[in-house]
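Fold and geometry: a report
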Amino acid sequence: MEQLPGRPGNLTPEQEEKLRKFWEMFLHVCGVLGVDAEAEMETASETVSKTGALGSEKPKKKRMSLFKKKKDKDKDGNASPKVPAMDSIKENDPEDKWGENKAYLETLATHSPEQIRATIWTMVKHDHPDALLLRFLRARKWELHRALVMLMSTMNWRCSEAHVDDEIMMNGEEHAAANEKSSDEKSKKLAEDFLAQLRMGKSYCYGTDKAGRPICIVRARLHRAGEQSEEGLERFTVYLIETTRFMLNPPIDTACVLFDLTGFSLANMDYTPVKFMIKCFEANYPESLGVVLVHKAPWVFQGIWKIVKGWLDPVVASKVHFTNTLKDMEEFIATERLPTDLEGTSGYTYEYKEPVLGENAKLKDIETREKLLQEREGLYEEYESKTIEWINEADATKRATLHTERDSIAKKLREQYWRLDPYIRSRSYYDRIGVIKPGGHLDYYPSKIAPTATNGTAAAVAAGETAADDVD
């Protein structure tokens, strides 16, 4: 399948130059680039506007240095270095829909360069590092400063507010199942709310649409305002979005969200989680939506849609399509790929498989995890070093060679992530039924669903004992 524009491997000369500048700004904030690049950073935007064709003019060679991370602390304390050209960022900008400017400034003030670097590298997971940064550039129409603000705001949300990787994805379903029996009422309630939504299949992923995008089906009739806490709803939403990320098979980098409004009534409408979902996709998971299908919307939804559409970015709103019949749906999804309750002929009906004892054994192997993280840190540094060479190289032919070398390291990062994955991420329903397989392989339509085991044997085999090839 052909790569879409603005993605790794399909960039115009102008877009590639923007990406180089964006990496420069990002590495500066992380304390990886030295101060010698500051003068160039201040005039980056002016250079872009004056040259018009960014690839037509050879960039000036800049002196850059790779700092010693972990050993050297910022002399000014924990505060991260500011990008010189970002001094004009104002906290209370009326056009700042999601408060990203404030989050950006707070992040610089409260997080060290190492913390910022570590969190953003953790965001990469199995993705190509360029692909992650390009999402933010495309979302902000290739405006470097706005893209950096958005990236930093997302980083702050992930680590300081949502605790995406250290709690939601690390703990997962098995931890929630254990907490259902907790004596702590808050923990018990959160666990019950989280698992209730999984068990009923309020939202779940199944198959792909005609463009190859994984489909997330939201059955609105199963929601009742107040049944789950706001925090429980948000954790479930983030968990499903993050899990769906693992079902993106490059060059596919967006998903299809299908809102099934069959049997929907006003009793099912709840604006708070809708607003949170919009914020997730617009502010924290940019360029993740390929298409949104609203199926069988009743007449009462017309007034609701007018309100919701007013909250949406025009680009997101343009991706929304209404379908009323199976024939309408077939424009986007083949009938044989639809579940039974959507009049499909796949024969699939969602049925939740409970966590199995032993499926997360590797999460307890701290020694192996640390070895794998140390190995991954080496790949991060290798990629950063090669990126600095790529930024600094004026010769187009040599720059292309360096870009190829960066791609090679990105491939290593992807492969290494999947060895690390079972040590940092709790197994999900989609791991248990065989959609997400070891090594990151995907089977959107597994022929056989692994039976639920009670003794942990099946899960232990699936998860595997720590193997020698997990650590090089």
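To start, this report covers the structure provided alongside it.

Quick notes on the rules
Residues numbered from 1 in each chain as written. Predicted model: local features only at pLDDT ≥ 70, side-chain atom pairs only at ≥ 80, totals over all residues. Heavy atoms only, no water. Pairing = 2+ DSSP bridges. Helix = DSSP H or I, 4+ residues; strand = E, 2+ residues; numbered from the N terminus. Axes fitted to C-alpha atoms, helices over the stretch in contact; angles between N-to-C directions. 1 Å grid on protein atoms, 1.4 Å probe; cavity = no way out; pocket = protein on both sides within 12 Å on 5 of 7 lines; lining within 4 Å. Points joined across faces, edges and corners; volume = space filled by probe spheres on them. Nonpolar A, V, L, I, M, F, W, Y, C, P; charged D, E, K, R; others polar. Buried < 20%, exposed > 50% of the residue type's maximum accessible area, 1.4 Å probe, protein only. Contact = heavy atoms within 4.5 Å. Salt bridge = Lys/Arg side-chain N within 4 Å of Asp/Glu carboxyl O.

Some points on the sheet that holds strand S4 (residues 289-295)
In spatial order, the strands read S1-S2-S3-S4-S5; together these five strands make up an open sheet with mixed pairing. A strand with exactly one partner marks an edge of an open sheet, and here the two such strands are strand S1 (203-208) and strand S5 (320-323). Put simply, the sheet's adjacent strands are angled 25° from each other on average, direction ignored.

Details of empty space enclosed by the protein
It is a probe the size of a water molecule, rolled over the atoms, that shows where empty space is left. Taken as a whole and assessed by the stated rule, the structure comprises three cavities of 30 Å³ or more. Within this model, the largest cavity holds a volume of roughly 840 Å³. Lining the largest cavity are 42 residues; nearest its centre among them are Val218, Val257, Phe259, Val274 and Met277. Breaking the lining of the largest cavity down by element, the ones donating at least two residues are strand S2 (214-219), helix H10 (230-245), strand S3 (255-260), helix H11 (271-284), S4 and helix H12 (301-311). Broken down by element, the residue count for the lining of the largest cavity peaks at seven residues, all from H10. When its volume is computed, the second largest cavity comes out at roughly 120 Å³. Put simply, the parts of the chain that give the lining of the second largest cavity at least two residues each are helix H6 (129-139) and helix H7 (144-162). For the lining of the second largest cavity, the element with the most residues is H6, which contributes three residues. Looking at side-chain class alone, the lining of the second largest cavity contains five nonpolar, three polar and four charged residues.

Let's talk about the environment of phenylalanine 264
With respect to the helices, strands and loops of the structure, phenylalanine 264 is situated in the loop between S3 and H11. Look at phenylalanine 264 and you get buried, because its relative accessible area is 8%. Sequence separation between phenylalanine 264 and alanine 297 is 33 residues; the distance between their C-alpha atoms is 7.6 Å. Not counting the four nearest positions on each side in its chain, phenylalanine 264 is found in contact with Ala220, Met269, Pro298, Val300, Phe301 and Ile304.

Examining the pattern of salt bridges
Within the structure shown, the criterion is met by 37 salt bridges. Between glutamate 351 and lysine 353 there is a salt bridge, and its shortest N-O distance comes to 4.0 Å. Glutamate 351 gets classed as exposed once you look at its relative accessible area, which sits at 52%. Assessed through its relative accessible area of 17%, lysine 353 is described here as buried. Between arginine 432 and glutamate 359 there is a salt bridge, with the nearest N and O atoms lying 2.9 Å from each other. You can see arginine 432 sitting in helix H17 (residues 429-432) and its partner glutamate 359 sitting in the loop between helix H14 (326-329) and helix H15 (366-392), a full 73 residues away along the chain.

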